[in-house]
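These are the residues of each chain, in order.
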Amino acid sequence: MPIDLKENKGFIYLGTTPQTDRSNYAIAAPYPTQGKAPFTTSRMVDSARNAQGTMVGRMVGRSVDKQELGWQTISPELWWEMNRWFEEGHFTFYCHYFSHNLGRWETRMFYLSDVTCSPVNVDAATGMPEYYEDASFSVVDCGVI
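Below, the structure is looked at part by part. Just so it is clear, the structure is predicted and the values come from calculations on it, not from any experiment. (Residues numbered from 1 in each chain as written. Predicted model: local features only at pLDDT ≥ 70, side-chain atom pairs only at ≥ 80, totals over all residues. Heavy atoms only, no water.)

Attention shifts here to the pattern of salt bridges. Counted by the stated rule, this structure contains five salt bridges. Measuring nitrogen to oxygen at the nearest pair gives 3.5 Å for the salt bridge that ties Arg108 to Asp65. Remark: Asp65 occurs in strand S7 (residues 64–74) and Arg108 occurs in strand S9 (residues 104–120); sequence separation between them is 43 residues. Assessed through its relative accessible area of 4%, Asp65 is described here as buried. Two residues, Arg104 and Glu106, come together in a salt bridge whose shortest N-O distance is 2.6 Å. (Salt bridge = Lys/Arg side-chain N within 4 Å of Asp/Glu carboxyl O. Helix = DSSP H or I, 4+ residues; strand = E, 2+ residues; numbered from the N terminus. Buried < 20%, exposed > 50% of the residue type's maximum accessible area, 1.4 Å probe, protein only.)

At Asp114, a residue that is not glycine, the phi angle is positive and equals roughly 50°. Summarising the element assignment, Asp114 is placed in strand S9. Look at Asp134: it is not a glycine, yet its phi comes out positive at around 50°. Structurally, the position occupied by Asp134 is in strand S10 (residues 131–141).

Okay, helix H1 (residues 76–87) next. Between its first and last C-alpha atoms H1 spans 16 Å; for 12 residues at 1.5 Å apiece the expected length is 16 Å, and the two agree. For H1, the complete set of buried residues consists of Pro76, Leu78, Trp79, Met82, Asn83, Trp85 and Phe86. Positive phi shows up at Gly89, right after H1, with a value of about 95°. (Expected span 1.5 Å × (residues − 1).)

Such coordinate-based values are descriptive only and should not be taken to indicate function.
Encoded structure:
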């Protein structure tokens, strides 16, 4: 059964099969805070310079996308639910996301990167925070062709 994270779900959809999409997923991640979701594309290049100093090269493989997701504040329950899914054997997964380069939804194999959060109002007795500030993670395209 899919995990529906409550706060404006559906920015990206994560799953375990290539058929992951907006109706077939394990997690629908909530929309990030405005301005905290940069989309980056990398292009690996095999290049050098010729005798005239001109770059000679070509792209290797295909473009690789990275989606950062950040929340100014997020509840511990939402944060833990997403991270538990990753920790429970989903380091690589299929991500259904909107490609801001192509203007369409894509599904590709991704991995998790750069997880960070700042606990706020931590209960001394339980160690549990009231909420998290500046919580973020990145999902990175594996480059599988």
